[in-house]
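Here is what each chain is made of, one letter per residue.
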Amino acid sequence: MTFKKREKHVCMSAAIPINWVSCSPSYHRTQTSSIASITQQEANLTSPTSLCQLFTYIPQERIIIHPQNIPASPNEFQMEHAKKVEEVRSVLKDAGEDTLKALLMIDAVQRLGIDYHFHGEIEAVLERLYTKFNMSDCHNDLYELALGFRLLRQEGYYVSADVFKNLKDKEGKVLGKISQDIEGLMGLYEASQLNIKGEDILEEMGNFSSQLLNAWNTNDDQSQARIVRNTLGHPHHKSLARFMAKSFLSDFQGTEGWINVFKELAKMDFNLVKSIHQKEIRQVSKWWNDLGLAKELKFARNQPLKWYMWPLAVLPHPSLSEQRVELTKPISLVYIIDDIFDVHGTLDELTLFTEVVNRWEYEAVEPLPDYMKTCFNALNGITNEISSKVYKDYGWNPIDSLRKSWAILCNAFLVETRWFSMGHVPKTDEYLKNGIICSGVHVVLVHMFFLLGHGITKRNVDIVDDFPGIISSAATILRLWDDLGCAKGRESEGHDGSYLDCYMKENPGTSIENARFHVMHSISETWKLLNLQCLPPNPFSSCFTKACLNVARMVPLMYSYDGNQCLPSLEEHMKSLV
């Protein structure tokens, strides 16, 4: 068995015109406002056959906003939006002491992706709930118990999983009465996703609810069956709320008047946020074209929109627009440098390039081949630019941390290259230790930590530099998902240089199915670690912590390849978001 590098180039095409407009003509409408505009000539441009091609090219200047439900005047829209926000705020405050109603409302605003407007109101409800949650000897309503537990854990409140022990009788058997409570079982399954290692009762409840829900999934009630399938396939804690909001919106029904108010705000907010994202796409497009790497390094990936999807998912708050654009830059370089190591550079060249990145001295660049000089100059420019920005905004120069993170990444890439050149298949632990660095997650999250500017102290900088657990767990989930996705559909080769290869060599006679089961179990166990690392005491801000979670949540979308090595789930979400 030889150690073969993983295939990462996905559905690339150079046949699509750079000025392709990323919206269906059915959405085109001339706007007299500054929100959006389009000419008839642009409307008639041919669209690509799939978003796999859209990954490669994004419009340089002409972006269209889908303006449904947006009044002609931007000021009028903003006033209506602000009015609707206050209306929802009033509804949240009016929930009062009705705990279940308040929890349902919090769950709804979070699933609709509009919770960022109501942090104060949400915090007040959860604080009130937390003071009495652990002291309650009896929780009569299964759904209220499960929902309260999940919402508290998600927001960083530690609640003991022992609250679920009341769901078992004296003989340790799960109470039969809950097996018919479908809503309660869905809540229980959702709550089990916040399990941490050692919480056997929560794991048992997760398995119990999953088994019953899967059996119930064949029920004739198609609407309810769809909701059950969505719960099992996309539990809230492991999904990206804004990506799932459209699905939730269609299932969000009821006679309560507040439901319509929430839905109205969600629709308005969706269009507002979309306009922000499209502005960011223009900025990313201009930066990428001006940088010129796509022309200079034709062997490397040219997928700026796909790269931008990472910060869009990881930093969803609309106010973080500048951070999303800036974070796209190091993400792009991770992919480009990965391609230099994977598909173009010789071992000697890559060794020299790694030495240059470790030294980071201008005179050391001279011996590099021209394409590596181009790449390093871009890397140096981006690193200096971000360092200057962080210093200006927060008074801390992160250049040493940023350079160190790039050196660590290139060192890991070089280790992988040497394994490949020698035909060496490492032990699984050795592979994974190096592989989580190769994922690029550490580099990206180090940059994000400084761009956010929250809690920049000597102590926290040292923690971030040393690859803390909250970062390594997210990176482990990405590495394992990536290897699992890249192995699909290529069983005839059997040598994809993945964790699966290493595991199967280390465990002779293991089938590919058992190896995949092992990987999925490892991902599940890593999620337990990540759940624990997000609970206090945690040195990082809530924004950074949730961003680390969002990296793990984004992974299945980025690495669930189909038979054509495309990403249909990601494409579907991209269509609705941008």
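For the structure given in this document, a descriptive report is provided here. In this text the structure is predicted, and so the values were computed from the model without any measurement.

What about the overall build of the protein?
Phase 1: The helix and strand inventory of the protein stands at 25 helices and zero strands.
Phase 2: When each of the 578 residues of the protein is scored for burial, the buried share is 57%.
Phase 3: Summarising the internal contacts of the protein: among those between residues at least 6 apart in sequence, 75% fall at separations of at least 24.
Phase 4: Accessible surface for the protein amounts to roughly 25,000 Å². Of this, 51% is attributable to carbon and sulfur atoms.

Brief notes about the pattern of salt bridges
Phase 1: With the rule as written, the count across this model stands at 29 salt bridges.
Phase 2: Residue lysine 197 pairs with glutamate 525 through a salt bridge whose shortest N-O separation is 3.0 Å. Taken together, the residues span a long stretch of sequence, with lysine 197 in the loop between α7 (182-192) and α8 (200-216) and glutamate 525 in helix α23 (residues 512-533) at a distance of 328 residues.
Phase 3: Linking aspartate 269 and arginine 242 is a salt bridge whose minimum nitrogen-to-oxygen distance equals 4.0 Å. Here arginine 242 lies in helix α10 (residues 241-251) and aspartate 269 lies in helix α11 (residues 257-291), a separation of 27 residues in the sequence.
Phase 4: Connected through salt bridges with shared partners, the residues Asp107, Arg111, Arg150 and Glu190 form a single ionic network.

Description of the packing of helix α5 (residues 119-133) against helix α6 (residues 142-154)
Phase 1: Two numbers describe how α5 lies on α6: the axes approach to 11 Å, and their chain directions differ by 115°. Looking at the two axes, α5 sits roughly perpendicular to α6. Crossing handedness for the pair α5 and α6: left-handed. When α5 is examined against α6, the residues Leu126, Leu129, Tyr130 and Phe133 are found in contact with a partner set consisting of Leu145, Gly148, Phe149, Leu151 and Leu152.
Phase 2: Of the residues contributing to the contact of α5 with α6, the split by class is eight nonpolar, one polar and no charged.

As for the environment of valine 390
Phase 1: Topologically, valine 390 is positioned in helix α16 (residues 370-394).
Phase 2: Here the alpha-carbon distance between valine 390 and leucine 451, two residues 61 residues apart in the chain, equals 6.2 Å.
Phase 3: Residues in contact with valine 390, not counting those within four places in the same chain, are Gly395, Trp396, Pro398, Phe450, Leu451 and Ile456.

Some words on the nonpolar core
Phase 1: Among the nonpolar cores identified, the biggest contains 111 residues, and Trp310, Ile337, Phe353, Trp406, Phe544 and Met554 are the most heavily contacted of them.
Phase 2: Among the elements that make up this core, the one with the highest residue count is helix α24 (residues 542-559) (11 residues).
Phase 3: Residues contacting phenylalanine 544, with those up to four places away along its chain left out, are Leu445, Met448, Phe449, Leu452, Ile470 and Ile471.
Phase 4: Core analysis: the next-biggest nonpolar cluster, separate from the first, contains 57 residues, Val109, Leu167, Leu265 and Ala266 among them.

Observations concerning the packing of aromatic side chains
Phase 1: Summed over the entire model, instances satisfying the criterion amount to 16 aromatic pairs.
Phase 2: Members of the aromatic cluster, connected to one another through ring pairs, are Trp287, Trp288, Trp307 and Tyr335.

Here's the deal with the environment of leucine 129
Phase 1: With respect to the helices and strands, leucine 129 occurs in helix α5.
Phase 2: On the accessibility criterion, leucine 129 (6% relative accessible area) is buried.
Phase 3: Separated by 27 residues in the primary sequence, leucine 129 and alanine 102 place their C-alpha atoms 10.0 Å from one another.
Phase 4: The contacts of leucine 129, once residues within four sequence positions are left out, are Thr99, Leu103, Gly148 and Leu152.

Quick notes on unusual backbone geometry
Phase 1: Proline 537 follows proline 536 through a cis peptide bond whose omega is 0°.
Phase 2: Its identity as a non-glycine residue notwithstanding, tryptophan 360 has a phi of 50°, on the positive side.
Phase 3: Position of tryptophan 360 relative to the elements: it lies in the loop between α15 (347-359) and α16.
Phase 4: A positive phi angle, close to 60°, is found at phenylalanine 467, a residue other than glycine.

Here's the deal with the packing of α7 against α8
Phase 1: Their axes nearest at 8 Å, the elements α7 and α8 cross at an angle of 135°. By the criterion of interaxial angle, the relationship of α7 to α8 is oblique. In this structure, the crossing between α7 and α8 has a hand that is left-handed. For the pair α7 and α8, contact is made by Ile182, Leu185, Met186, Leu188, Tyr189, Ala191 and Ser192 and by Leu202, Met205, Gly206, Phe208, Ser209, Ser210, Leu212, Leu213 and Trp216, respectively.
Phase 2: Partitioned by chemical class, the residues of the contact of α7 with α8 number 12 nonpolar, four polar and no charged.

Quick look at the side chain of asparagine 380
Phase 1: Relative to the helices and strands, asparagine 380 resides in helix α16.
Phase 2: Ignoring anything within four residues of it in the chain, the contact list for asparagine 380 reads Trp360, Tyr362 and Arg403.

Quick word on the environment of valine 551
Phase 1: Relative to the assigned elements, valine 551 resides in helix α24.
Phase 2: Separated by 240 residues in the primary sequence, valine 551 and proline 311 place their C-alpha atoms 9.0 Å from one another.
Phase 3: Those residues in contact with valine 551, other than ones at most four positions away along the chain, are Trp310, Val314, Val441, Leu445 and Ala474.

Procedures and definitions
Residues numbered from 1 in each chain as written. Predicted model: local features only at pLDDT ≥ 70, side-chain atom pairs only at ≥ 80, totals over all residues. Heavy atoms only, no water. Helix = DSSP H or I, 4+ residues; strand = E, 2+ residues; numbered from the N terminus. Buried < 20%, exposed > 50% of the residue type's maximum accessible area, 1.4 Å probe, protein only. Contact = heavy atoms within 4.5 Å. Areas by Shrake-Rupley, 256 points an atom, 1.4 Å probe, with all protein chains shown as cover. Salt bridge = Lys/Arg side-chain N within 4 Å of Asp/Glu carboxyl O. Axes fitted to C-alpha atoms, helices over the stretch in contact; angles between N-to-C directions. Parallel < 35°, antiparallel > 145°, perpendicular 65-115°, else oblique. Left-handed = near helix turned anticlockwise from the far one by under 90°. Nonpolar A, V, L, I, M, F, W, Y, C, P; charged D, E, K, R; others polar. Core = buried A, V, L, I, M, F, W, Y, C linked by side-chain atoms within 4.5 Å. Phe/Tyr/Trp six-rings, centres within 6.5 Å; stacked < 30°, edge-to-face > 60°.

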